[in-house]
Amino acid sequence: MNILTKWLRAYLPGLTVDDAQLAEDLTLRGIAVEGTYDLGSGKGYLYEMDITTNRVDAMNHYGVAREAATIYGLELKPLAFPLPEAKKAAQPFSVQIEAQDACGRFTARVLRGVTIGESRDWFAGAEIATYFALLDQKKISNAVDASNFAWLAMGQPTHTFDLDKIEGGIVVRRARKGEKLKTLDGIERTLDADDLVVADHKKALALAGVMGGWDTMITPETKNVLVEAAWFEPMAVRQTARRHGLHTDASHRFERGADFNAAPLASAIVSAILLANGGSIEGELVDVRVAALEERTALRKPISLKLSEVHRLLGTTIDAEGITAAAVENILRGLGCGMTSAASAAWDVTLPSWRLDIEREIDLIEEVARVYGYNRFANTLPAFAGGVRALPWEEKEAAIRSTMLAAGFHEAIASTFCSAADAARTSPQPGQVVPLGNPLSEEASVLRPSLVPGMLAMIAGNLNRDVSDVRLFELGTAFIGTTEKVEERPALALGAVGALPTASPLHASRQIDFYDAKGVVEQVLGRFEARGVYFDRFGADSGLTPEWLHPYRSARIVVDGGTVGWFGQLHPSEAAARKIKEPVVIGEIYLDRLYKQPLRKPVAREISRFQPVRRDFSLVLDESIGWEAVDRAMSELRIPELVDWRAREVFRDARQAKGEYALLLGATFQAADRTLREEELQSFHAQVVEAVAKVGARLRA
Amino acid sequence: MTNVSIPELADFTESALDKAFASLEASAREAAAGLSGDEAVEAFRLEWLGRKQGRLNDVSSRWLKAAPPEAKKALGVRFNALKAVVEGLLEQAAGAGPSDASLKAEAIDVTLPGTRRLLGAEHPITRTLNEIVSVFAALGYSVGVGPEVETDYYNFECMNFPPGHPARDTQDTLVVANQERRPLRDRLLLRTHTSPVQMRTMEQQPPPVRIVIPGKVHRNDAADATHSPIFHQVEGLCVDTNITFSDLKGTLDHAMKALFGSAVKTRFFPSFFPFTEPSADVQISCIFCGGKGCRKCKNSGWIELLGCGMVDPAVFAFAAQKQPAYDPKKISGFAFGMGVERIAMMKYGVSEIGQFYAGDMRFLNQFV
Ligand SMILES: [Zn+2]
């Protein structure tokens, strides 16, 4: 909305500040001037306003002028549009409000013998040509311009009908289902029984408070005019406008609450301007009011306001004097309130009809704070005693994040949404996917049941941009459930492809593989206390491995007997579908399950002073025997001096028979209290060989 | 014996030479490592550097002579290096420490780039969220969280957006499918702000309350350089007896100084939010130009950063349904909220909001 300072100043004869200062003072009081444009000498400024939706009363020149008058304590010139004496009418024009819940007031004035023509500056206070030119507002005809002028001046929507097209009188009623109305935009509309219309005795004439009708519009031939200025109930207008996909100046105002008392003045403005080009009034203004709605608006009960409440809620001002009773009275009177003092420093405040947003004491306190000036309040800090509570999983999440970062993975945040197809493939619980009612796109039509689709999209995105080394993780929420009930679960996704580590001129890099992912997973799990962690694999026909994983290069993560996630190489079909050629490793950990474990608390052990002894065992095993078998055999040995064992090397070369592989098993023996003797070591050696032989490993010849 | 230790060399390629010399060097080092006593040192000297039978003499006499002319230079270079190493070992064994020459033989190119370990980067949004949260933690604010899928009641109704109210239009909402048959207040949607957590917290605990609420929120907005359907907010809520508007001002002024530096100034403008009254928008003096005016602040010297206000009594009335202590006659409070992306964009000079959600390694690398 635009405001002319030239127009504003016409209502504020005492205003002395310049236009720039005025803009700043208004803005700091919540009547925001977003832009100021110098229109040239003598023409003032044009303000581009950004006024919050609760302040519809200030979305016009008089409303802004009222704010300025209150800020500076100036007199606001009354709006006066005297009309010539009316000619007697045989009988008053008939107006009936049938929809008593939706139309609070309807005024009608009959003008006869008017001449439709071009607008000009008609008289002092009605400078249509000047103001419209400065506002870049198109002139249409004196009738339409008169309505627009009243709207811009004081914010009350009005409408003019060609009186000769009206049959009988006016009835404000709900439409009949299927009733037809061609609106001013030329669209033939079929009405609904909930639509509010202004009708005559035969037909609907206009969508009440939204848009006029085509058939009764003013044309160059129009001689006789009916001027409508009314008050419609916000919800009724909102519903009608929404149903027809319309948003007009009029509907905007009525939806947010118009001024119940503005109709007679608005009618006078439009009539005076039209009559300036000839014609006369027939009969007195017809003014039909619905008492119930008037009571809810113009005749609202006074609100009591205490100065102590103002102080309790607003606090300390920079000015030592603070907010005085006199300041409260000046501010609220300036805004149009009536103040009767019930007691000292307490008032009964009657409310202006144009401020339907004021309903409670707090609303008045806000007005006081606003006009007083927010920046005149001091900066104080409230006293505080008490502690800060951490979220139960805060420390766990931080441990996971720091582990992932230390492993060289960048943190990413992916979309909350994914396609229905991706969801079906990645949901840990088949069918438990929640669709959106108004999705952003087909690719984002459901809430992600897993972080995997987002991770895949980010990996593919990097590869598409020729970024070949990718290491990402996300800590986010996965959504499982139905449209009745949605469960949110924290999850960790990780994904990587390309070289590891970054190559240097002296050290070769290598491709990231399954074991890199497993190492990271192990390190994450290692932050938690657990009695048992293991990884297992299921074949393609088990139906257990998630579809997105390579069935023979992926593993389930099991902690204390429960599945906490899956990881491995991306399934080749999934990779092909995304045109990914390089082997991607990807995984997801269900943190709601992992968080059941406490974080591991480090405990220091005594470090032995005695020399450790390392023995290597070169073993040959059948391909069907995995490391786990050897590992278990070693742990079941229960030799206290066996302090460490590991797979040092796995190799397959020409010396092995087909279907066999070689494993270099490294074992370290150490005692806490002595140096190990050769006989002991020989015994340990024999025990190891025997133990691994039981699971099918033999010493290499 | 020396004849045995220096094998015949048949292959004079560079790699074969490397291998042969490396093996000699290794055995020299091994021999030198165990030396103790002058005699042993002298024996080592004789074994390696002896004029007649020393190993190096053998190398020189046998390999150098046998080498084809084109390999002589490469062999010579390696020979001299080995000699320097052996001399160094001898000096060390004799207690003199390595000579400069022997150390020089170990020279490397220090201007080659180092081999960097991989280091992950915390996401700039996480980083910004944590910074904001810790500023408020220092003021006694605990973290509050809540679901991203909310009911209409928590997202709108109890935050004083009555059904059918125009203020709902300002927050285009993504909704869960098939909600039409449910009562409005139970309908599920993606929360459009983190404010529902304010109510959930008040329902759980009587005043005083001090919480800061970081979280992901969603709106049905078209994406552009500064808008995304997914974004993050941090909201705060402080409720107690005698919490005032000047407390709100002081708290946010303090927080902005903690986040952006002590030179930052704040100013407050009247605004409108259904759940606060009085409501304010807060601007900070431009952190790029210090308030003089620049392109970033559209020459105003100010940047709009957050919304806030005193908690509306209507919101307390909803809370009082479960916790009667939220009586607006006895207690008061303030709430504030800010967009994390906007702050992160400012702090790190990010121009496209979409970069936060693309997982682009080139973008994320910058935050290591
Ligand atoms: Zn600036």
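Note that the structure is a prediction, hence the values are computed from the model and not measured.

About the thresholds
Residues numbered from 1 in each chain as written. Chains lettered and ligands numbered in written order. Predicted model: local features only at pLDDT ≥ 70, side-chain atom pairs only at ≥ 80, totals over all residues. Heavy atoms only, no water. Helix = DSSP H or I, 4+ residues; strand = E, 2+ residues; numbered from the N terminus. Buried < 20%, exposed > 50% of the residue type's maximum accessible area, 1.4 Å probe, protein only. Areas by Shrake-Rupley, 256 points an atom, 1.4 Å probe, with all protein chains shown as cover. Lys, Arg positive; Asp, Glu negative; His and termini not counted. Charge placed at Lys NZ, Arg CZ, Asp CG, Glu CD. Domains from an automatic or database assignment. Contact = heavy atoms within 4.5 Å. Buried area = accessible area lost by both parts, 1.4 Å probe. Salt bridge = Lys/Arg side-chain N within 4 Å of Asp/Glu carboxyl O. Pairing = 2+ DSSP bridges. Donors = N, O, S within 2.8 Å, 3.2 Å for Na, K, Ca; no water. Tetrahedral: all angles 85-135°; square planar, octahedral: opposite > 155°, others 65-115°. Expected span 1.5 Å × (residues − 1). Polar contact = N/O pair within 3.5 Å; in protein donor to acceptor, adjacent residues only side chain to side chain. Axes fitted to C-alpha atoms, helices over the stretch in contact; angles between N-to-C directions. Phe/Tyr/Trp six-rings, centres within 6.5 Å; stacked < 30°, edge-to-face > 60°. Lys NZ or Arg CZ within 6 Å of the ring centre and 35° of its normal. Nonpolar A, V, L, I, M, F, W, Y, C, P; charged D, E, K, R; others polar. Core = buried A, V, L, I, M, F, W, Y, C linked by side-chain atoms within 4.5 Å. Parallel < 35°, antiparallel > 145°, perpendicular 65-115°, else oblique. Left-handed = near helix turned anticlockwise from the far one by under 90°. Patch = residues over 30% accessible without salt bridge, like charges linked within 9 Å, V, L, I, M, F, W, Y side chains within 5 Å.

Here's the deal with the overall build of chain B
And then number 1: Of the regular secondary structure elements, chain B holds 13 helices and nine strands.
And then number 2: Across its three principal directions, the C-alpha atoms of chain B cover 110 × 45 × 45 Å.
And then number 3: Burial analysis of chain B (368 residues in total) assigns 54% to the buried set.
And then number 4: Total accessible area on chain B is roughly 16,600 Å²; 53% of this is exposed by carbon and sulfur atoms.
And then number 5: Distance between charge centroids for chain B: 3 Å, based on 40 positive and 42 negative side chains.

As for the domain arrangement of chain A
Residue and element names in this part refer to chain A.
And then number 1: Considered domain by domain, chain A is made up of domain 1 (2-72), domain 2 (95-297), domain 3 (304-376), domain 4 (394-594) and domain 5 (613-699).
And then number 2: Relative to domain 2, the C-alpha centre of domain 1 lies at a distance of 27 Å.
And then number 3: Taken together, the contact between domain 1 and domain 2 spans 16 residues of the former and 14 residues of the latter.
And then number 4: Across the domain 1 to domain 2 interface the summed buried area is about 1,300 Å²; carbon plus sulfur atoms make up 72%.
And then number 5: Joining domain 1 to domain 2, the criterion identifies zero salt bridges.
And then number 6: Of all the elements in the fold, those that place two or more residues in the side of domain 1 that touches domain 2 are strand E1 (2-4), helix H1 (5-11) and helix H3 (61-72).
And then number 7: No other element matches H1, which puts four residues into the side of domain 1 that touches domain 2.

What to know about the pattern of salt bridges
Residue and element names in this part refer to chain A.
And then number 1: Per the counting criterion, the structure on display carries 72 salt bridges over all chains.
And then number 2: For Asp-287, the salt bridge goes to Arg-289, with nearest N and O atoms at 3.6 Å.
And then number 3: Owing to a relative accessible area of 27%, Asp-287 belongs among the partly exposed residues under this scheme.
And then number 4: Take Arg-289: its relative accessible area is 41%, and that puts it in the partly exposed class.
And then number 5: In this structure, Arg-648 engages Asp-616 in a salt bridge whose closest nitrogen and oxygen atoms are separated by 3.7 Å. Of this pair, Arg-648 sits in strand E29 (residues 642-651) while Asp-616 sits in strand E28 (residues 613-622), and the two are 32 residues apart along the sequence.
And then number 6: A residue is classified by how much of its surface remains accessible, and Arg-648, at 32% relative accessible area, is partly exposed.
And then number 7: Shared partners join several salt bridges into a network, and the residues in it are Arg-55, Asp-57, Glu-67, Arg-355, Asp-357, Glu-367 and Arg-370.

Things to note about the sheet that holds strand E30 (residues 660-669) of chain A
All names here are of chain A.
And then number 1: If you walk across this open sheet you meet the four strands as E29-E30-E28-E31, and the pairing is antiparallel. Two strands in the sheet have a free side with no partner beyond their single neighbour: E29 and strand E31 (698-699).
And then number 2: As paired elements, E28 and E31 share two bridges and run antiparallel to each other. Each residue of the ladder has a partner; that of Val-620, found in E31, is Arg-698.

Digging into the coordination of the zinc ion
Residue and element names in this part refer to chain B.
And then number 1: The protein atoms that coordinate the zinc ion are Cys-286 (SG), Cys-289 (SG), Cys-294 (SG) and Cys-297 (SG), at distances spanning 2.2 to 2.3 Å.
And then number 2: Given four donor atoms and angles of 103 to 112° at the metal, the environment of the zinc ion is assigned as tetrahedral.
And then number 3: Read from N- to C-terminus, the donor residues coordinating the zinc ion fall into the pattern C-x2-C-x4-C-x2-C. Cys-297 matches Cys-294 in its accessibility class, with the two residues each being buried.

A few points about helix H5 (residues 69-93) of chain B
In an α-helix there are 3.6 residues to a turn, and that puts residues three or four apart on one side.
And then number 1: The end-to-end C-alpha separation of H5(B) is 36 Å, in line with the 36 Å expected for 25 residues at 1.5 Å each.
And then number 2: Where H5(B) ends, the next residue or the one after it, Gly95(B), has phi of about 90°, a positive value.

Digging into the side chain of Thr266(B)
All names here are of chain B.
And then number 1: Within the secondary structure layout, Thr-266 lies in strand E6 (residues 266-273).
And then number 2: Engagement of the side chain of Thr-266 in a polar contact is seen with the side chain of Asp-253, the distance being 2.6 Å.
And then number 3: Among all residues touching Thr-266, those that are not within four sequence positions of it are Leu-252, Asp-253, Met-256, Val-282, Gln-283, Ile-284 and Trp-302.

Structural notes on the sheet that holds strand E2 (residues 32-38) of chain A
All names here are of chain A.
And then number 1: With antiparallel pairing, three strands are arranged side by side in an open sheet as E1-E3-E2. Each of the sheet's edge strands pairs with one partner strand only, and the pair in question is E1 and E2. Between one strand axis and the next, the sheet turns by 30° as a mean value, whatever way the strands run.
And then number 2: Sheet topology places E2 next to strand E3 (residues 45-50); six bridges connect them, and they run antiparallel.

Some thoughts on the packing of aromatic side chains
And then number 1: For the coordinates displayed, the defined rule picks out 30 aromatic pairs over all chains.
And then number 2: Taking 5.6 Å as the distance between ring centres and 85° as the angle between the ring planes, the aromatic pair formed by Phe21(B) and Trp63(B) counts as edge-to-face. Of this pair, Phe21(B) sits in helix H2 (residues 14-33) while Trp63(B) sits in helix H4 (residues 55-66), and the two are 42 residues apart along the sequence.
And then number 3: Classification of Phe21(B) by relative accessible area gives buried; the value is 6%.
And then number 4: In this structure Trp63(B) comes out as buried when scored by relative accessible area, which is 2%.
And then number 5: Following the ring pairs from residue to residue traces out a cluster consisting of Tyr348(B), Phe356(B), Tyr357(B), Phe363(B) and Phe367(B).
And then number 6: Geometry around Tyr372(A) places Arg376(A) over its ring, the cationic atom sitting 3.9 Å from the centre.
And then number 7: The ring centre of Phe260(B) lies 5.2 Å from the NZ or CZ of Lys347(B), which sits over that ring.

With respect to the interface of chain B and chain A
And then number 1: Chain B puts 84 residues into the contact, and the matching count from chain A is 86 residues.
And then number 2: With both chains or domains summed, chain B and chain A bury close to 7,000 Å², and 57% of this area falls on carbon and sulfur atoms.
And then number 3: Area buried by chain B at its contact with chain A is led by Leu118(B), Pro270(B) and Met361(B), which between them contribute 11% of it.
And then number 4: In this structure, the connection of chain B to chain A is made through seven salt bridges.
And then number 5: A salt bridge links Glu24(A) to Arg267(B); its shortest N-O distance comes to 3.9 Å.
And then number 6: Inspection of the chain B/chain A interface yields 43 residue pairs in polar contact (both at pLDDT 80 or more).
And then number 7: In terms of residues, the side of chain B that touches chain A owes the most to one element, helix H10 (residues 245-260) of chain B, which gives eight residues.
And then number 8: A breakdown of the residues in the side of chain B that touches chain A according to their chemical character gives 41 nonpolar, 26 polar and 17 charged.

Notes on the domain arrangement of chain B
It is common to give the size of an interface as the accessible area that goes away when the parts come together.
And then number 1: Domain assignment breaks chain B into domain 1 (14-104) and domain 2 (124-367).
And then number 2: A C-alpha centroid distance of 74 Å is found between domain 1 of chain B and domain 2 of chain B.

Details of the nonpolar core
And then number 1: Among the nonpolar cores identified, the biggest contains 121 residues, and Phe136(B) and Met256(B) are the most heavily contacted of them.
And then number 2: Residues Met49(A), Ala58(A), Ile71(A) and Ala146(A) belong to the second largest nonpolar core, which totals 60 residues.

Considerations on the packing of H2(B) against H4(B)
Packed helices, taken two at a time, are described by the angle their axes make and the gap between the axes.
Residues and elements named next belong to chain B.
And then number 1: For the pair H2 and H4, the least separation of the axes is 12 Å and the interaxial angle reads 165°. Relative to H4, the element H2 lies roughly antiparallel. Relative to H4, the crossing made by H2 is right-handed. Taken together, the residues of H4 that come into contact with H2 (itself represented by Ala-20, Phe-21, Leu-24 and Ser-27) are Arg-55, Val-59 and Trp-63.
And then number 2: Across the contact of H2 with H4, the residue classes break down as five nonpolar, one polar and one charged.

Quick word on helix H11 (residues 313-320) of chain B
Residue and element names in this part refer to chain B.
And then number 1: Those residues of H11 lying buried are Ala-314, Val-315, Phe-316, Phe-318 and Ala-319.
And then number 2: Where H11 is buried, its residues touch helix H8 (152-155), helix H9 (196-204), strand E5 (230-240), strand E8 (302-311) and strand E9 (332-339).
And then number 3: At the N-terminal boundary of H11, the capping side chain belongs to Asp-312, with an oxygen 2.8 Å from the backbone nitrogen of Ala-314.

A short note on a negative patch on the surface
And then number 1: On the surface, Glu34(A), Glu48(A), Asp50(A) and Glu304(B) cluster together into a patch of negative charge.
And then number 2: By secondary structure assignment, the location of Glu48(A) is in strand E3.

Quick word on the pairing of strand E27 (residues 585-590) of chain A
Residues and elements named next belong to chain A.
And then number 1: With six of six residues buried, E27 is to be regarded as a mostly interior element.
And then number 2: Along E27, one buried face is formed by Val-585, Gly-587 and Ile-589 and the opposite face, lined by Ile-586, Glu-588 and Tyr-590, is buried too.
And then number 3: Bridging between strand E21 (residues 486-497) and E27 involves six bridges; their strand directions are antiparallel. In the sheet register, Ala-491 faces E27, and the bridge partner there is Tyr-590.
And then number 4: Pairing of strand E26 (residues 562-570) with E27 involves five bridges; the strand directions are antiparallel. Its bridge partner lying in E27, Gln-569 is registered against Val-585.

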